[in-house]
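For reference, the chains in residue letters:
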Amino acid sequence: MTYDLVIKNGTVIDGSGMPRFNADIGISDGVIENIGRISDKAQETIDAEGHIVTPGFVDGHTHMDAQIAWDPLGSCSCWHGVTSVVMGNCGFTLAPCSEADKSLVMRNLERAEDISAEAMSIGIKWSWETFSEYLDSIEKLPKGINYAGYIGHSALRTYIMGERAFDQQATENDLKLMNQELTSALKAGAIGFSTSRTPNHLTPSDQPVASRVANWSEVESLVNTMGRLNAGIFEIANEQPGRDPRKRREYFDRLKKLAIDSGRPMTFGMFSTRHMPEMWQDFCDFLDEVAADGGRMFGQAHSRALNVLLSFKTTTPFDNWDHWRDMRTLPLAEQMNALRDPVVKARLIESANKPYMGPRVVGTEARPPNWDWVFPLFDMKGPYQSVSEIARSRGKDCTETMIDLALERNLDLFFAQPIANEIDEDIVKIMKHPRSVVTFSDSGAHVSQIMDSSLQSHLLSHWVREQQALTLEEAIKMITLEPSTLWGFHDRGLLRVGLKADVNVINPDTILPQMPEVVNDLPGGGRRLKQKADGILATIVNGQTLFRNGEHTGALPGQLLRGPLAVTR
C-alpha cells in the first residue's frame, strides 16, 4: 500500500507512560494505520532519526474563542506542539449572542481576559446567535489545530437577560430559558459548561462579569441540567475564600455536593502562591476527598510560575503613575531619550518609590513591584537574579536598576513578575498529584500581559531535561493521554492503530521555548506577545503535516471536536 505519511526511524513515546521503543508510523486518511517497521511507499516521509515521536499535545484551558476568527493557525499554542485545545473557559464565550448584542459578551472578555474589543469588532464576522450556530460557524472556519468549546455562563446570562445580567438575579423564567439553551448547546456539541466566581474577573468599568452576579442556586441548576443529560464537563474559575478555613470549607462543601449530585466531572485551575503556601495542599486534599465520596473532580496544574511580562514595549508597573503616565505615551525612541535624561529619570524614580495610589489591580494586570520577585528575562532557561539582587550588586535603587537594565538593551527586555506558582518545589508536587492535569496556557487571552502558551515545551525542557524531576515518558503522558482522557477526546492522545493521527516529532535535547517578542498583528494593528519554540521537527494534525521546523506548510487540517451528545452531521 501507499501511505499518505510515514514517520521513519523515530523513537516512539506513545503517551501511555510505557517505555519508549523504536518504530515507524504509517498514516492514511488522518488515522494511524501501522506502527512498526514500514517499507511501503508514502506520499510524504519524515525522517525522525534521533527524535522522539509523541502524540500531539492537548491544552484544556484556552480562550481562543475570538482569535480563531482571524488566526487559522492557533498561535501561539500551535508552535509548542499543541494539536487540540479547549476554549470557552471561565464562562467567557462569544455565544450564545446575537450580533446586535455583541457588546455584552465583549464587555465580559475585554478586561477579564485582556482581549481587545477593537480586535474583536474588526476581526470577527458575526454569523450566529445560538451556541449551536456558533459551533457550525467554527466548523466552517479554516483551522490549523483542533478545537472544542464550553458554553460560557457569562454569555448565557447576557443572552437571556441582557443588561440585567450584570446586576440582577435570574428570574424563574430566565433560568428556564438558560437551561433550554444549555441543553441545546450540549446536544450540538458543547464540551460542557463553564463559569467564573473569581473576583479577578471584572468588566472595563470595574464591575463583576455577568457570571459573578449569579447566585449559587443558578450554578447548581445549570450543572444539574448537565447531570440529567449525563453529559458535559463543568469548569469553574474558583471563588477565593482566602485564609479563612470556615469560608474555604463552606466553598468546598458546595462544590463537592454539586459534583456528587450532578455526577458530572468538574475542573478548576490549581496554583500555589507564596502568600498562602498552605493553600495548594488544601485543594489537592479536597480533590482526594471528593473522589473518596464518589465525585469526579480534577485540578489544572501549570508547569511554571504564572508570570506577568513587564517591558517598556508593553506594560510597566508604573504606566498610570505621576510623571510616568505622560512619558509612557511617547514613541519608544523618545521614551529612551527621556529615561537617559538624569532629571527625568530622577523624577520617575521618586514617583515609583511612593505608595501606589492607582486603580485596583486584578488578574494578570501589572502590579506595583516587590523587587525581590521581579526578574529580568535574559533567556528562557534561568535561574534568574531578581532586580533587588542586581540592584544590591550595583549599589543602586531598584527602580533605577530596572530602568538601566532595560536601557542597556535598548528597552528590548522583559521582566517576569510572578503572581502565582512562584515556588518550583510546589509546582512539581501539584503536577505529580494523581488528580491534576498539566494544562492552563490561557492562550488567546491576556495577550499583552502573559505568555504561557509554551507551558508544554517548558515542561519538557525544564522539568525533564534540566531538573530531571520527570521522565520524558511521564511528561509526555501528562500533556497527551491525561488531558485527552479527561476531556473525552478518546480518539486522540495516544499513538495507536486506528486513532487520529495527531503527532509531534521532537528533539528532547533541544526543545525549548524561544524568547517572547512583541508584535502588532491583531486586527486593527493591536499588540500581543508571541513566542515560538525550538526542537520540534514536525507537528502533524489529523494526518497532515502542519509544521516542519517551526514553519507552516500551508495545510489547515484542524477540526471542530464536538461533545458526546452532538447529533450525527
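Residues numbered from 1 in each chain as written. Predicted model: local features only at pLDDT ≥ 70, side-chain atom pairs only at ≥ 80, totals over all residues. Heavy atoms only, no water.

Chemist: Explain the nonpolar core here, please?
Modeler: Considering soluble globular proteins, one finds that nonpolar side chains tend to be buried as a cluster. Formed by 107 residues in total, the largest nonpolar core has its most connected members in Leu94, Phe234, Leu255, Met431 and Leu460. Here this core gets 7 residues from one element, more than from any other, and that element is helix α9 (residues 279-292). With sequence-adjacent residues up to four places away left out, Met431 is seen in contact with Ala301, His302, Ser303, Ser436, Val438, Leu459, Trp463, Leu470 and Met478. Core analysis: the next-biggest nonpolar cluster, separate from the first, contains 33 residues, Trp321, Leu411, Phe415 and Ile419 among them. (Core = buried A, V, L, I, M, F, W, Y, C linked by side-chain atoms within 4.5 Å. Buried < 20%, exposed > 50% of the residue type's maximum accessible area, 1.4 Å probe, protein only. Helix = DSSP H or I, 4+ residues; strand = E, 2+ residues; numbered from the N terminus. Contact = heavy atoms within 4.5 Å.)

Chemist: I'm lost on the sheet that holds strand β14 (residues 306-310) in this one. Help?
Modeler: Hydrogen bonds along the backbone pair up the strands of a sheet, which may run parallel or antiparallel. Read from one edge to the other, the open sheet built from 3 strands follows the order β14-β16-β15, with strand pairing classed as antiparallel. On the outer flanks of this sheet lie β14 and β15 (375-376), each paired with one strand and no other. As paired elements, β15 and strand β16 (residues 415-420) share 2 bridges and run antiparallel to each other. Opposite Pro376, over in β16, you have Phe415 as the bridge partner. (Pairing = 2+ DSSP bridges.)

Chemist: Sorry, what's going on with the pattern of salt bridges here?
Modeler: A side chain of one charge can pair with a side chain of the opposite charge when the charged atoms of the two come close. All chains considered together, the criterion is met by 39 salt bridges. Members of the salt-bridge network, linked through shared partners, are Arg249, Asp253, Lys256, Glu289 and Asp293. (Salt bridge = Lys/Arg side-chain N within 4 Å of Asp/Glu carboxyl O.)

Chemist: Hey, could you run me through the sheet that holds strand β8 (residues 146-149) in this one?
Modeler: Reading across from one edge, β6-β7-β8 is the order of the 3 strands in this open sheet, with parallel pairing throughout. On the outer flanks of this sheet lie β6 (57-59) and β8, each paired with one strand and no other. Across this sheet, the average inter-strand angle for adjacent strands is 15°, counted without regard to direction. (Axes fitted to C-alpha atoms, helices over the stretch in contact; angles between N-to-C directions.)

Chemist: Just checking my understanding: could you explain the packing of aromatic side chains for this structure?
Modeler: In this description, an aromatic ring pair is defined by two values, namely the gap between the centres and the angle between the planes. Enumeration over the complete set of coordinates arrives at 16 aromatic pairs. Judged by centre distance (5.2 Å) and plane angle (85°), the ring pair of Phe298 and Trp487 falls under edge-to-face. Highlighted residues: Phe298 in strand β13 (residues 297-301) and Trp487 in the loop between α18 (481-486) and β18 (503-506), separated in sequence by 189 residues. Grouped by ring-pair contacts, the aromatic residues Phe312, Phe318, Trp321, Trp324, Tyr356 and Trp371 constitute a single cluster. Its guanidinium or amino end placed over the ring of Phe166, Arg107 lies 4.3 Å from that ring's centre, counting from NZ or CZ. Positioned over the ring face of Trp79 is Lys532, at 4.9 Å from the centre of the ring. (Phe/Tyr/Trp six-rings, centres within 6.5 Å; stacked < 30°, edge-to-face > 60°. Lys NZ or Arg CZ within 6 Å of the ring centre and 35° of its normal.)

Chemist: Honestly, the environment of Pro383 in this entry has me stumped. Any pointers?
Modeler: One can find Pro383 in the loop between β15 and α13 (387-394). Once the C-alpha coordinates of Pro383 and Phe57 are considered, the two residues, 326 residues apart in sequence, prove to be 26 Å apart.

Chemist: Looking at this structure, how should I read helix α8 (residues 245-262)?
Modeler: What sets the pattern is the α-helix's 3.6 residues per turn: residues three or four places apart point alike. When the terminal C-alpha atoms of α8 are compared, their 26 Å separation across 18 residues agrees well with the 26 Å that a helix rising 1.5 Å per residue should span. Considered for burial, the residues of α8 that qualify are Arg248, Tyr251, Phe252, Arg254, Leu255, Lys256, Leu258, Ala259 and Ser262. Turning to α8, the residues buried within the fold contact α7 (216-229), β11 (233-237), β12 (266-269), α9 and β13. By the N-cap criterion, in which a side-chain oxygen at the helix start approaches the backbone nitrogen of a residue two or three places on, α8 is capped by Asp244, the distance to Arg246 being 2.9 Å. (Expected span 1.5 Å × (residues − 1). Polar contact = N/O pair within 3.5 Å; in protein donor to acceptor, adjacent residues only side chain to side chain.)

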